[in-house]
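Fold and geometry: a report
These are the residues of each chain, in order.
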Amino acid sequence: MTSRRSFVATSLLGVAAAAQPFKSAGKEITLAPKKAVKHWVWTNPDEKDTEAELATRYKQYYEAGVRGMFFESDSEKHFRAAKAQKLEAHRWMWTMNRGEKSLLNAHPEWYAINRKGESCADKPPYVDYYRWLCPSKPEVLQYLKDQVNTILQKDYVDGIHLDYIRFCDVILPVNLWDKYKIEQTKELPEYDYCYCDVCRSKFKAWRGTDIKDIQFPEASLSWRLFRYNAINNVVNSLAVVAGSHKKAITAAVFPTPEVARRNVRQDWTNWNLTGICPMIYHGFYKEKLEWIGDAVTEGVHFLAGRFPLYAGLYLSDFANNQELHKGIELALQHGAAGVSLFGTPKQDVLDTLKAATTSSQKMM
Ligand SMILES: [Zn+2]
């Protein structure tokens, strides 16, 4: 780990050095243009917002360097207001975690089953809204493809943003262990999915073994890989749908490739996306600010330039704007193409975003 990190740090310094202007015969020549920085905001559109309020708000966002919005629900008014201020407007969609009553009633058999044989349809883990679909069922994939297709047919939608695109947390972030009174130092069967008949038979067809015959399924590397691939298949199928509309597809994911695989079976560096927003919420993991830089470094390293990484920052995790400034700088200086803010950014936050972007670019 240490050697890889230092290797990455060295590589980044190399890139940064190459981007510095140098003087030749008194004339400044820039070897490479400064990387364009693009920031995002996650938001739930409020129908009470007026057109005038939205025009003012999105203009302020643009001036601070925000270039795209992820809207948690469909609101044509908000999408068009954002686009009028030169922001991209993307639809943020809960993907595998689907608690809508209509679906629960119509297709309880689509829901994931844990290692104890319990279904998310009637026995959700941790919280009532945790209703995870099984990614191996063809009907589930078709349902999701149809939904993405319907969303992207709308002319005011610039892209799809996948959230909850993973399995249920087999391990929760450590700051939640107290809250739920669970010590998850190992994978517990009630949080380990999916052991439905379709997953079992597909695994058996692939590796010739019934997962129920494996003494420690939580230690089976093939079983892990099978589940990474199940979600990868969903994402990459949805990416084909987005591609057919020539629209963007991005996702909100766990903070680093390693944490994502370990805690939620999410193998996001193998997805065919146009961008990714790891939720680098340092407070959730009881980490210090500096860890934002570590997480970005790891993600950028394993993405190997396939698509840009935007560091998801949780505004409530920052004690003040000075900390936020540092967090944004850490993300940009370690290779993020921008940040995505969770929380409602007021003018002071927007000012901080703009200042931290400028100071980072001066250092790069
Ligand atoms: Zn299943």
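So, here is what we can say about the structure in this document. (Residues numbered from 1 in each chain as written. Predicted model: local features only at pLDDT ≥ 70, side-chain atom pairs only at ≥ 80, totals over all residues. Heavy atoms only, no water.)

**Here's the deal with the side chain of Ser 340**
- Here Ser 340 is to be found in strand E10 (residues 338-342).
- Apart from residues lying up to four places away in sequence, Ser 340 is in contact with Trp 40, Val 41, Trp 42, Phe 70, Cys 277, Ala 311, Gly 312 and Leu 313. (Helix = DSSP H or I, 4+ residues; strand = E, 2+ residues; numbered from the N terminus. Contact = heavy atoms within 4.5 Å.)

**Structural notes on the coordination of the zinc ion**
- Cys 134 (SG), Cys 194 (SG), Cys 196 (SG) and Cys 199 (SG) make up the full set of protein donors to the zinc ion, lying at 2.3 Å.
- If you list the donors of the zinc ion from N- to C-terminus, the spacing comes out as C-x59-C-x1-C-x2-C. Placement of Cys 134 in the loop between helix H4 (101-106) and helix H5 (138-152) and of Cys 196 in the loop between helix H6 (177-180) and helix H7 (197-207) is noted, with a sequence separation of 62 residues between them. Like Cys 134, the residue Cys 196 is buried in the burial classification. (Donors = N, O, S within 2.8 Å, 3.2 Å for Na, K, Ca; no water. Buried < 20%, exposed > 50% of the residue type's maximum accessible area, 1.4 Å probe, protein only.)

**Quick notes on the sheet that holds strand E4 (residues 66-71)**
- Read from one edge of the open sheet, eight strands run E8-E7-E6-E5-E4-E3-E10-E9, paired in parallel fashion. Lying at the two open borders of the sheet, with one neighbouring strand each, are strand E8 (275-278) and strand E9 (310-314). Strand-to-strand twist of the sheet, defined as the mean angle between neighbouring strand axes without regard to direction, takes the value 25 degrees.
- The pairing of strand E3 (residues 39-43) with E4 spans five bridges and is classified as parallel. Paired with Thr 43 across the bridge in E4 is Phe 71. (Pairing = 2+ DSSP bridges. Axes fitted to C-alpha atoms, helices over the stretch in contact; angles between N-to-C directions.)

**Description of the pattern of salt bridges**
- According to the stated counting rule, one finds 21 salt bridges in the structure shown.
- Salt-bridge contacts for Glu 218 lead to Arg 115; the nearest nitrogen and oxygen are separated by 3.5 Å. In this pair, Glu 218 is assigned in the loop between H7 and helix H8 (221-244) and Arg 115 in the loop between H4 and H5, connecting sequence segments 103 residues apart.
- The exposure class of Arg 115 is partly exposed, given its relative accessible area of 23%.
- The partner of Asp 267 in a salt bridge is Arg 261, and the shortest N-O contact between them spans 3.1 Å.
- According to the relative accessible area criterion, Asp 267 is buried, its value standing at 6%. (Salt bridge = Lys/Arg side-chain N within 4 Å of Asp/Glu carboxyl O.)

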